[in-house]
Amino acid sequence: MSVFMDLNIIAIADKAKLQSTVETAAHLGYSTVAINYVVEGQQTKQKIPKPQPVAELFERFPIVQGKSRPIKVLNRLTVVATDASHYFRLASAYKDFDILAVFPKTEKLFHAACMTYDVDIICIAATEKQPFHCKRSPVNGAIERGVHFEISYTAAIRDSTMRKYTIANAINLMSVCKGKNVIVASGAEAPLELRGPYDIANLGIVFGLSEGDAKAAVSANCRSVVLHGETRETALGIIHTMKRPQPPSEQPEEETPAAKKAKTETD
């Protein structure tokens, strides 16, 4: 059975409303959600926000619909980058966040995010037309590094014009990435902005995803993002080594048995 996740629930000051949004996500069948703290690039030069400890959000976490376990809540940071100085320089500054995301506003920053930024998610514009086209080389570079692209759907629910932007930007991305390493998340600020995972999988088809990729965008790919964040935090990975076979010219000669060697010398 699939494990569904929504990795973009916007952090708001109203704790009761935030709790209600998380409870709704659990009722809809999401096993994991991420509380997203969004900062403009200029703010990163001053101070990174400190997320509310997850344990303080609920005394008792709501049980996921159809499961026997409580919902898992993560903390996420998204930096809206408008110039190159908004790069993630000090890993220690982000240690309180399980997931790091960047929303690059220029093509140059998009390329840098794909190729070099130590992040888990690259956000695609939803409320405006993407000011540049996604190119194959940087997108493939991000895919090879395990970085995922995120499409948020809440803007498409709020406004018909934004819906056109969201769909157009998503299709632009799909034409390059072919549905690989894509997640679909809400970007919700209120319970009513959430939709069930199967509804979002259907929406993914509208975004240009295949049926299988659309389902992965709210399940398996989200799990990959969480694992990527865990690997980034620990700076550990899995190394698989293989013994290189020696070419015939480098093969050591078989040692002649002592008895046979003595006989040969006598002859």
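Above this text sits the structure in question.
Residues numbered from 1 in each chain as written. Predicted model: local features only at pLDDT ≥ 70, side-chain atom pairs only at ≥ 80, totals over all residues. Heavy atoms only, no water.

K.L.:
Is there a simple way to think about the side chain of Asp120 in this case?
P.N.:
Note that Asp120 resides in the loop between α3 (107-115) and β5 (121-123). Owing to a relative accessible area of 0%, Asp120 belongs among the buried residues under this scheme. Within the structure, Asp120 has its side chain in polar contact with the side chain of His228 (distance 2.7 Å). Residue contacts for Asp120: discarding those within four places in its chain leaves Asp98, Ile99, Leu100, Val147, His148, Val225, His228, Gly229 and Arg232. (Helix = DSSP H or I, 4+ residues; strand = E, 2+ residues; numbered from the N terminus. Buried < 20%, exposed > 50% of the residue type's maximum accessible area, 1.4 Å probe, protein only. Polar contact = N/O pair within 3.5 Å; in protein donor to acceptor, adjacent residues only side chain to side chain. Contact = heavy atoms within 4.5 Å.)

K.L.:
Would you mind going over the environment of Gln52 with me for this structure?
P.N.:
Mapped onto the fold, Gln52 is located in the loop between α2 (41-44) and β3 (72-81). When the C-alpha positions of Gln52 and Ala11 are compared, they lie 9.3 Å apart, and in sequence the two are 41 residues distant. Beyond its immediate stretch of four places on either side in the chain, Gln52 contacts Lys15, Tyr37, Leu57 and Asn75.

K.L.:
Can you walk me through empty space enclosed by the protein in this structure?
P.N.:
The method is simple in principle: a probe with the dimensions of a water molecule rolls over the atoms, and the space it marks as empty is what remains. According to the stated counting rule, one finds 2 cavities of 30 Å³ or more in the structure shown. What the largest cavity holds in volume is close to 50 Å³. Lining of the largest cavity is provided by Leu18, Ile35, Tyr37, Gln52, Pro53, Val54, Leu57, Val73 and Asn75. Considering only residue class, the lining of the largest cavity consists of 7 nonpolar, 2 polar and no charged. Each pocket or cavity is described by its volume, and for the second largest cavity that value is around 30 Å³. In terms of lining, the second largest cavity is formed by Phe103, Pro104, Lys105, Ala125, Glu128, Gln130, Pro131 and Phe132. (1 Å grid on protein atoms, 1.4 Å probe; cavity = no way out; pocket = protein on both sides within 12 Å on 5 of 7 lines; lining within 4 Å. Points joined across faces, edges and corners; volume = space filled by probe spheres on them. Nonpolar A, V, L, I, M, F, W, Y, C, P; charged D, E, K, R; others polar.)

K.L.:
Please clarify how the sheet that holds strand β4 (residues 99-104) should be interpreted in this entry.
P.N.:
Picture the strands of a sheet paired through backbone hydrogen bonds; they go either parallel or antiparallel. One open sheet accounts for 7 strands, arranged β1-β2-β3-β4-β5-β6-β7; its pairing is parallel. The sheet terminates laterally at β1 (4-10) and β7 (182-185), the two strands that pair on one side only. Shown here is a sheet whose adjacent strand axes are inclined to one another by a mean of 30°, direction ignored. Looking at chain direction, strand β6 (residues 148-152) and β7 are connected through 4 bridges and run parallel. Paired with Ser152 across the strands is Ala185, a residue of β7. Running at roughly 160° to β6, helix α6 (residues 160-177) makes contact with β6 and β7 of the sheet. (Pairing = 2+ DSSP bridges. Axes fitted to C-alpha atoms, helices over the stretch in contact; angles between N-to-C directions.)

K.L.:
In this structure, what is going on with the side chain of Glu193? I would like to understand it.
P.N.:
Along the chain, Glu193 turns up in the loop between β7 and α7 (197-206). Side chain to side chain, Glu193 and Arg158 meet in a polar contact 2.9 Å long. Setting aside its immediate chain neighbours within four residues, Glu193 contacts Tyr153, Thr154, Ile157, Arg158 and Ala188.

K.L.:
Would you take a moment to explain the pairing of β6 for this structure?
P.N.:
Along any regular strand the residues' side chains alternate between the sheet's two faces. The buried count for β6 comes to 5 of 5 residues, which makes it a mostly enclosed element. Residues His148, Glu150 and Ser152 of β6 are buried on one face, and the alternating residues Phe149 and Ile151, pointing to the opposite face, are buried as well. Bridging between β5 and β6 involves 3 bridges; their strand directions are parallel. Paired with Cys123 across the bridge in β6 is Glu150.

K.L.:
Would you explain the nonpolar core in this entry?
P.N.:
The tendency in soluble globular proteins is for nonpolar side chains to be buried side by side. In terms of nonpolar packing, the biggest core is built from 56 residues, with Leu77, Phe110, Ile122 and Phe149 touching the most fellow members. Beyond its immediate chain neighbours, meaning those up to four positions away, Leu77 contacts Asn36, Tyr37, Val39, Ile48, Pro49, Tyr94, Phe97, Ile99, Leu100 and Ala101. Listed in part, the 15 residues of the second largest apolar core include Leu74, Cys123, Ala125 and Val225. (Core = buried A, V, L, I, M, F, W, Y, C linked by side-chain atoms within 4.5 Å.)

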